[in-house]
Every structure is written in structure tokens, then in C-alpha cells.
Amino acid sequence: MKQAVDDGGQDSVLPSADPPVTGAAADFVNQSAKLSLKKPLSPDDPTSVAVEARFVTSDDAVVVTADAVVVTADGNRLPTVPLQEAYKLNVLRDELNSEASEQRADTKHEESEIELASLARRNEERFATKFVFEPPLSENGEASQRLMGDSKRTMPPSHTHPLFPPLPLYGPPSLLRNLQCWTFRTSSFFLSAGFLGVIVCGALFTSIPTICNRTWLRLTFRNPDALRPFHEDEVRRSSIRKEQERLWKRRKSFGQGNDGQECPLSNDGFVPTEGGRDPVICDVGYYARRVGLDMEEFQVQTEDGFIIDLWHIYDPREYKKLDDAERSHRGPDPFTGRSKKRLKDSTRKPKFPVLLMHGLLQSAGAYCVNDDDSLAFYLCKSGYDVWLGNNRCGFRPKHVLLDYSDPRMWCWNIRQMGIFDLSALTSRVLHETGFEKIGLVAHSQGTTETFVALAKEQRPELGEKLTVFCALAPAAYAGPLIGKMYFKFMRVISPGLFRLMFGIHAFIPIMMTMHSLLDPRIYGWLGYKVFSFLFNWTDARWDRGLKNRMFQFAPVYVSSESMRWWLGRECFAKHKCILSTKEEWRSEDREDGEGETDGPLAHPHISHHLQKKPDQSRRSTDQLRRKSKGSTAWYNEKVPPFALWVAGNDDLVNGERLLRRFNRGREPHVKVVHSKIIPEYEHLDVIWAMDAVSQVFEEVREVLWKTCCARDQCRTPAGCESVPAWAPENTETNTERIEQSSSDSP
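Calculation criteria
- Residues numbered from 1 in each chain as written.
- Predicted model: local features only at pLDDT ≥ 70, side-chain atom pairs only at ≥ 80, totals over all residues.
- Heavy atoms only, no water.
- Helix = DSSP H or I, 4+ residues; strand = E, 2+ residues; numbered from the N terminus.
- Buried < 20%, exposed > 50% of the residue type's maximum accessible area, 1.4 Å probe, protein only.
- Contact = heavy atoms within 4.5 Å.
- Areas by Shrake-Rupley, 256 points an atom, 1.4 Å probe, with all protein chains shown as cover.
- Phe/Tyr/Trp six-rings, centres within 6.5 Å; stacked < 30°, edge-to-face > 60°.
- Lys NZ or Arg CZ within 6 Å of the ring centre and 35° of its normal.
- Pairing = 2+ DSSP bridges.
- Axes fitted to C-alpha atoms, helices over the stretch in contact; angles between N-to-C directions.
- Core = buried A, V, L, I, M, F, W, Y, C linked by side-chain atoms within 4.5 Å.
- Patch = residues over 30% accessible without salt bridge, like charges linked within 9 Å, V, L, I, M, F, W, Y side chains within 5 Å.
- Salt bridge = Lys/Arg side-chain N within 4 Å of Asp/Glu carboxyl O.
- Parallel < 35°, antiparallel > 145°, perpendicular 65-115°, else oblique.
- Nonpolar A, V, L, I, M, F, W, Y, C, P; charged D, E, K, R; others polar.
- Lys, Arg positive; Asp, Glu negative; His and termini not counted.
- Expected span 1.5 Å × (residues − 1).
- Polar contact = N/O pair within 3.5 Å; in protein donor to acceptor, adjacent residues only side chain to side chain.

Caption draft 1: Structural detail: the overall build of the protein. Tallying secondary structure elements over the protein gives 25 helices and 13 strands in all. Counting only residues that meet the buried cut, the protein has 55% of its 746 residues in that class. Restricting to contacts in the protein with at least 6 residues of sequence separation, those with at least 24 account for 74%. Surface accessibility of the protein: about 32,100 Å² in total, with carbon and sulfur atoms responsible for 53%.

And the structure:
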């Protein structure tokens, strides 16, 4: 077919000698339509057409857990789809690519992009061949040859990891899909709101005894806060904040610049540019300016098309903020290109970059709520280049192609957060700073996505970009809290009922609505009550004067699929581990001589089975010990060094069991450069406790510098002048240590 324009200015179709439409071409178009942005395929906008599936996985994985990202004709991305559907698209593409190469060997390709797009619906074979024969374009308009591969490269795995079952396929909008979406959105609005209402009522009801006790103490002229562990320090800090407010008002009233002596916050040389009474707002930049720093926001695109926020904390005295264009996203491909951060004084050495990742239902603002004792501000003032990473959706769900109402926008879980989000954020920090490696600090869910991403079956090459992984309250094994009634309820309901109750979009989005409507002080009080009720947290070690601020950066938008991974009947809540099934860790417990009654929830003890049949169990145990303890390892030689800070009074996760896994040689490639158990700490105390600076932050600062691979190229952080460089054990020594730990195991 050829296109022409008649005398009336209308398009007309001229006959040609084009070959007839083949079944393969029709199959490719149909499969492409199933995975494309819109359906039916539009001849006026072919750019949203699915042309290939790109698999992201480890080359040496035994149990493959690939993600299949759909690539559109213009180089944009759509989120992951089931592996078999992606494989089918690639097979049809490869077949047509081969046919097109033979048919066009001696034929010049003269039609333009617009002409081919107009003919798409009239000639399926030409439509298919155009997108098969020509690779999709990248951001700069160049063909992405890396996406051009054969069927062998895109072969789907024979089986996937049981902890990461396939995600559902929703496909492009249609009448049936729209009806499905509105059904789930309507049902989930009422049912999830009712569920949240029950939780809120439970939180308020369980608060009655505490309120009565505090009231009685006040009526009897006693201070209910006197027994708090940091009561005197809280009073002192509250007085300092009031004095700062007074000095700020005085400074503004006289319209004078700060002389470095009036404001206590400026005594360290960092002059605040914001001050006065805290309005309690969700703005990291505002709180950075209150301590003499500042923040700039970068947009980062993941490989599956999400736009996520990366916040850069910097010292305005020495760094020049980039313009909006330079801070926008750079396309979906990670670990490409190098830039260099702009310093006002180019003769000074740069600071070593550190990326911080947040926990579940939080944003990276959780690292910025304690003034100078916030981890982000502490590391920045110590001499590190601090970057705060946020996971997908966050406060403002964004995607290059999808909108909020599309269920594909919410079809992801912890794997995608680690494989795509963490990789994209790390890549952007590397690009902006010009370093080959960065340090990574993560809390709670941030540690989970890192543990998952670094696994040998996931994306182990990420480990080669990190100097060290500092895990705060590491979340790899479940704590006893998983047995609570409300969590059990989520675990017993079927996946279908879970989606009916919590939807296929955002998880209980009414929480974000209440965040925007309620007064921040009411929201902070209520937020603490609810989360304390759910997760057994207390504010005993926090600065209560800042508690309302702490909850301004939570919750954020997360997908119902991600919460189903945490709490549903198939994944974490069932197996109580992020990378081992229940059967696997029970087998490891038997090898190590531990009881198996509760797995990750139990303390080490002698198995009742071993007591009843000592001879038989001893023979069985001896046989198991002959097998290498590293045979069930999660990580390979690409994994970076680990440093762990475990909260000893944490009911949400069991960090001590993770330490035992490392100590007993289960991970021969993992080198633990630092580990610490803080008995009195709860889950959030590692970032919010009033003594977190001395208990955690100072050690994090030293570990980051100890493992830094570019010490001669960077400024030495304050307080790290005498910290020696860490020298990893050689392979032979490490192997001997592992064998010794295996032989000495109980």
C-alpha cells in the first residue's frame, strides 16, 4: 500500500505489490496490543505501541526471577508483565525481524515514520515489520541497540522464586478493565476505610489507660514525664528551641543579618535561613534551611518508567544549585554517563556521596526531623555528600506514560522497589557526583529492598556500585508482631478477597487524604497513636517536642500489591523471611541445631525432636553438616560489605537472627564490617532516639569512611581523622573462618 493525497486534500490508499498479511504479523500485532499503553493501536500515535520486552535479571541466577519491562516504540517503558506474555512478544518480534531482514535485503526503506504510522491499521504486516525491523529510540533519539537481542537472551525462566510470584496482567484500557477497576476502587474505598476505622478505634481505645494514668499523676501533682529516659534533655532542647524562636523574631524585626552569635544553630558555622515557630509542614528543604543547609530535588526515571524523587542535601556556602533542566530525569537506562557535582570552589576536594533509603510507608523526610540530630543533616555537616532516595509513587505518583487511575501504575512490590528504584537512584547519584561507588544507608523496608536487590538471583551487579551497606533495623526476618490478630486477618484472606478489600491501586489512599486535610498537630498525634498500636512502638526515647513533625513525612502512597507481599498469604507473612522459604530456613535451623517451632520468631534452643531421638538426629545432623553451609547463600562475590545496627527490643523484625545467619557462615561472601545490638532500642529508635547520635550515627559516619574506596580523592569527614581504612580478609582466610565456624556450630 502507498499513501497519496487527492485533489480534495484527503488521504487515499493506492494499491501496491505488498505481500499479503501473514499470521505471524497478525499475532505480533495482537500480542503488542495486549501489552501496549492503549488499545486499539492508533495509527496517529504509534509511539505507545509495545515493541519489545526487556528482561532484567542476574546472568548467573539458578532460580530466575526476571522482570519483564515493556519497551514502547519511542523508547518509553511500561511496568512489568508476566514472563510468558513478554517472551511471546519477543519471539514474534524475532521471527518478524528475521523475515523482514530477508525481504528487505535489497529494498530501500523510504517510507517516513508518519507514513508508516498511518498505514498501520490498514496493513498489519507493515505495521509489525516497522517496529520489529527498527529498534526503539532512546532519549537522545539514537537506536538502543542493547534492546535488540535474540530469543535466547529473552528465554523465560523455567520457574520463579516462590517468594516473588508473578504479578497480575491488567492490559490497556477497555470497557471490561475499566469496569473491573471501578468495582475494586468502590469496594476498597468502603472496606479499607472500615478497616482503617477499626484500627483507629482500637488505637484510641487502648490509649484510655495511658490517658487515665497521666491524668491521675497530674491530679496528684506529679509529672508523668519525669520517668522518661531523656526527660531532662527534652526540657533543655525545648528551652533552646524557644530561645531560637525569640532570637529569630528579633532578627526579623530589626531586619539584620545573622552575626553567627545570636542563633545557637549558627554556632557550628551553618547559618539558618529559616526560623521562628515551626509550622510543622511536609517540606524537607524548609527543615534543612532551619539548620543552615538546603535541599534540591532531582527527578529520576526507573527502567519501568516511574518518576521518583531524589533529594540532595547540601551546604549552600560551597555548592551551586543546579537548574530545573539539569535536575530532570535522564531516561530509563541506569549506570550510564558521568557528570560532576558543581562546587563553588573547584580547588577543594569533593565530599564522599551517601544515599539514604527510608522505611515502609515513610519517605526520606524521616531522616530530617530532628534538627541537627537528624541522620541526613548530621552526615552532611560531618562532611558527606548526602542524597535522600524515595521509592516509587511517594507523595506524588508519577509515570512517563501511566496515570493514577491505571492499575498498571500500582502493579509492583518489594522486588521492583529494589531492582528498579534503588538501581535508578544509585545510578543518578553516581552520575551527579562522578564517583565510581557510593555508600548506602537504609532503614527497615529500605534494608529489605537492598537485601533483595543484592541477591545473586536478583541484581547482584548493584553491589559493585556500593562501598558498604549500612542496615538500620534490618528487615530480613519477621518478628513476633506478625502474629497479631489484624496481621493474621490479612494473611488468611485469599488474594482475590484482599484485592476486593484493599483494591488494585493505592493501599488505603484515604490516609493521604486525611494527611492533607487535618491540622498537622492533630494528624501527628493520631498518626503516632495508630502506628504505635499497629507496630508496638513507643516514643519513650524520642524528643516529644518534635513528634508531630516526625509524622508529617508518613504515610506515602504504596501499592496494594506491595502490602499484599508483606502481609498476604503467599509471601513474607507466610514464610517469615524475605529470601528463604519456610522449608529452607527450617532446614537451616536443623543443621544449626536450633529448634524449628517458630523459625525466625524463636530464640535458639534445643529441639524437642533432638531430645527424643539423640542418636538418629546426631547422624542426620552430621550428614547435613557435611554439606557446605554456603550452598543456600543469598549472595555471591559481588555483594558489598555489610554493617548492621539491630534494635534489641524490636517486635516488627528479627535482626538478631540475620546476624546469626552471617556468623554461622551461611553467607560466605558477606563481610560484616560492623554489627551492634542495642538492647533497649525499638524499631524507629535507630533514627529517632535522642541518643541515636552516639549510639548509631557516629558509628555510621566512621563505617562509611572506613570502607570508602576513594579516601585520597575526598575530604576527610569531621571526626574520622583517625579512622583507618578497612582491609577485607583475603579469600583463603575467609574460607578458613567459615569452615571453622561450621565445625564449631552447635
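Further notes follow.
Caption draft 2: Highlighting the packing of aromatic side chains. Summed over all chains, the structure comprises 37 aromatic pairs. Pairing Tyr528 with Phe551 gives two aromatic rings, centres 6.2 Å apart and planes at 70°, and the pair type is edge-to-face. Of the two residues, Tyr528 sits in helix 15 (residues 520–535) while Phe551 sits in the loop between helix 16 (547–550) and helix 17 (560–567), which places them 23 residues apart along the sequence. As far as burial versus exposure is concerned, Tyr528 and Phe551 are alike and both buried. Centroid distance Tyr635 to Phe642: 5.7 Å. Interplanar angle 80°. Geometry classified as edge-to-face. The class of Tyr635 is buried, set by a relative accessible area of 1%. Phe642 gets classed as buried once you look at its relative accessible area, which sits at 1%. Ring pairs connect the aromatic residues Tyr486, Phe487, Tyr528, Phe531, Phe533, Phe535, Trp537, Trp542, Phe551 and Trp688, which therefore count as one cluster. One Lys or Arg, Arg415, reaches over the ring of Phe164 and ends 5.5 Å from the middle of that ring. Directly above the ring of Trp634 sits Arg661, whose terminal nitrogen or CZ lies 3.8 Å from the centroid.

Caption draft 3: View of the sheet that holds strand 9 (residues 384–389). Read from one edge of the open sheet, eight strands run 6-7-9-8-10-11-12-13, paired in mixed fashion. Of all strands in the sheet, those with a lone pairing partner are strand 6 (294–301) and strand 13 (672–678), marking the two edges. Each neighbouring strand pair of the sheet contributes to a mean axis angle of 20°, computed without reference to strand direction. Of the pairings in the sheet, the one linking strand 8 (residues 352–357) to strand 9 comprises six bridges and is parallel in character. Bridged to Leu356 within strand 9 is Leu388.

Caption draft 4: Seen up close, the nonpolar core. The biggest cluster of nonpolar side chains holds 170 residues, and the ones touching the most others in it are Leu355, Leu356, Leu388, Tyr635 and Phe642. For this core, the element with the highest residue contribution is helix 24 (residues 692–706), accounting for eight residues. When near neighbours in sequence (up to four residues on either side) are disregarded, Tyr635 contacts Phe451, Leu454, Ala455, Lys456, Leu579, Phe642, Glu667, His669 and Val670. Counting six residues, the second-largest nonpolar core is a separate cluster that includes Tyr170, Cys181, Phe184 and Ile504.

Caption draft 5: Structural context of a nonpolar patch on the surface. Residues Leu191, Leu497 and Leu500 make up a contiguous nonpolar surface patch of about 230 Å² in total accessible area. The exposure class assigned to Leu191 is partly exposed, which follows from its relative accessible area of 39%.

Caption draft 6: Layout of the pattern of salt bridges. The final tally for this structure, using the stated rule, is 46 salt bridges. Arg237 is paired through a salt bridge with Asp373; the nearest N and O atoms lie 2.9 Å apart. Here Arg237 is found in helix 7 (residues 231–254), whereas its partner Asp373 is found in the loop between strand 8 and helix 9 (375–382), with 136 residues between them in sequence. For Asp373, a relative accessible area of 24% translates into the label partly exposed. Here Arg241 ties to Asp543 by a salt bridge, and the two come within 3.0 Å at their closest N and O atoms. One end of the pair, Arg241, is in helix 7; the other, Asp543, is in the loop between helix 15 and helix 16, and 302 residues separate them in sequence. With relative accessibility at 2%, the residue Asp543 sits in the buried group. Each of Arg214, Asp225, Arg228, Glu234, Asp539, Arg544 and Lys547 takes part in a single network of salt bridges with overlapping partners.

Caption draft 7: Spatial organisation of the pairing of strand 6. Across the eight residues that make up strand 6, a large majority, seven, are buried. In this sheet, strand 7 (residues 307–314) lies alongside strand 6 in antiparallel orientation, the contact comprising eight bridges. In the strand pairing of strand 7, Gln299 is matched with Asp309. The hairpin turn running from strand 6 into strand 7, its antiparallel successor, is five residues long, and Gly305 in that turn takes a positive phi close to 95°.

Caption draft 8: Layout of the packing of helix 5 (residues 175–206) against helix 15. Taken N-terminus to C-terminus, the directions of helix 5 and helix 15 make an angle of 90°; their axes are 9 Å apart at the nearest point. Judged on the interaxial angle alone, helix 15 and helix 5 are roughly perpendicular. Only Trp525, Leu526, Lys529, Val530, Phe533 and Leu534 of helix 15 make contact with helix 5, whose side of the interface consists of Ile199, Val200, Gly202, Ala203, Leu204 and Thr206. In terms of residue class, the contact of helix 5 with helix 15 is built from nine nonpolar, two polar and one charged.

Caption draft 9: How the structure looks around the side chain of Glu449. Its location among the elements puts Glu449 in helix 11 (residues 445–454). One buried charged residue, Glu449, remains without a salt bridge, the closest side chain of opposite sign being Arg392 at 8.3 Å.

Caption draft 10: The sheet that holds strand 5 (residues 77–81), seen in detail. One open sheet holds the three strands; their spatial order is 3-4-5, and the pairing between them is antiparallel. Because the sheet does not close on itself, it has two edges, and the strands there are strand 3 (50–56) and strand 5. Each strand of the sheet is rotated relative to its neighbour by a mean of 30°, with strand direction disregarded. Running over the sheet, helix 10 (residues 414–433) touches strand 3, strand 4 (67–72) and strand 5 and is turned about 60° from strand 4.

Caption draft 11: Region of the structure containing the side chain of Arg177. Structurally, Arg177 can be placed in helix 5. For Arg177, the residues in contact, after removing those within four places along its chain, are Tyr170, Gly171, Pro172, Asp406, Pro407 and Arg408.

Caption draft 12: Focus on helix 24. Taking 1.5 Å of rise per residue, the 15 residues of helix 24 would be expected to cover 21 Å, and the 20 Å separating its terminal C-alpha atoms lies within 8% of that figure. With 11 of 15 residues buried, helix 24 lies mostly within the body of the structure. The set of residues buried in helix 24 consists of Ala692, Val693, Gln695, Val696, Phe697, Glu699, Val700, Arg701, Val703, Leu704 and Trp705.

Caption draft 13: Inspection of the environment of Arg77 at higher detail. With respect to the helices and strands, the residue Arg77 is situated in strand 5. Taking relative accessible area as the criterion, Arg77 reaches 2% and is therefore assigned buried. Separated by 225 residues in the primary sequence, Arg77 and Thr302 place their C-alpha atoms 8.8 Å from one another. In terms of polar contacts, Arg77 uses its side chain to reach the backbone carbonyl oxygen of Glu303, at 3.1 Å. Of the polar contacts made by the side chain of Arg77, one reaches the side chain of Asp333; its length is 2.9 Å.

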